[in-house]
Amino acid sequence: MSKLAIFKELYCFLKVRKKWWLAPIIIMLLLLGALIFFTQSSAVAPFIYTLF
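Just so it is clear, the model here is predicted, and its values are computed rather than measured. (Residues numbered from 1 in each chain as written. Predicted model: local features only at pLDDT ≥ 70, side-chain atom pairs only at ≥ 80, totals over all residues. Heavy atoms only, no water.)

**Concerning helix α1 (residues 3-17)**
With 15 residues, α1 extends 21 Å from end C-alpha to end C-alpha; this agrees with the ideal 21 Å at 1.5 Å per step. Backbone geometry just after α1 places K18 at a positive phi near 60°. (Helix = DSSP H or I, 4+ residues; strand = E, 2+ residues; numbered from the N terminus. Expected span 1.5 Å × (residues − 1).)

This is the structure in structure tokens:
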């Protein structure tokens, strides 16, 4: 199963079950994960840690 298939299945779940309130939560978790991933070994990391 590819990674894109997971997102497609998640979208179909949200569409069929009408669970649209989950979409903002999932988006924020993905953005937070991306922020953590990209700042682990970067020069921007000390500045990001001061925000939290």
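Once the structure has been displayed, the description carries forward.
**Section: unusual backbone geometry**
In the Ramachandran plot, K18 falls in the positive-phi region, its phi being about 60° despite a non-glycine side chain. By the element assignment, K18 lies in the loop between α1 and α2 (22-39). Of the residues examined, K18 reaches a relative accessible area of 60% and is grouped as exposed. (Buried < 20%, exposed > 50% of the residue type's maximum accessible area, 1.4 Å probe, protein only.)

**What about a nonpolar patch on the surface?**
On the surface, L4, F7, L10, F13 and L30 cluster together to form a nonpolar patch covering roughly 490 Å² of accessible area. Per-element tally for the nonpolar patch: the top contributor is α1, with four residues. Counting through the fold element by element, F13 comes out in helix α1. (Patch = residues over 30% accessible without salt bridge, like charges linked within 9 Å, V, L, I, M, F, W, Y side chains within 5 Å. Areas by Shrake-Rupley, 256 points an atom, 1.4 Å probe, with all protein chains shown as cover. Salt bridge = Lys/Arg side-chain N within 4 Å of Asp/Glu carboxyl O.)

**Details of the packing of α1 against α2**
In contact at an axis separation of 11 Å, α1 and α2 are set at 155° when each is read in the N-to-C sense. Overall, the two elements α1 and α2 adopt an arrangement that is roughly antiparallel. Here α1 contributes F7, L10, F13 and L14 to the contact with α2, which in turn contributes L22, A23, I26 and L30. Looking at side-chain class alone, the contact of α1 with α2 contains eight nonpolar, no polar and no charged residues. (Axes fitted to C-alpha atoms, helices over the stretch in contact; angles between N-to-C directions. Parallel < 35°, antiparallel > 145°, perpendicular 65-115°, else oblique. Contact = heavy atoms within 4.5 Å. Nonpolar A, V, L, I, M, F, W, Y, C, P; charged D, E, K, R; others polar.)

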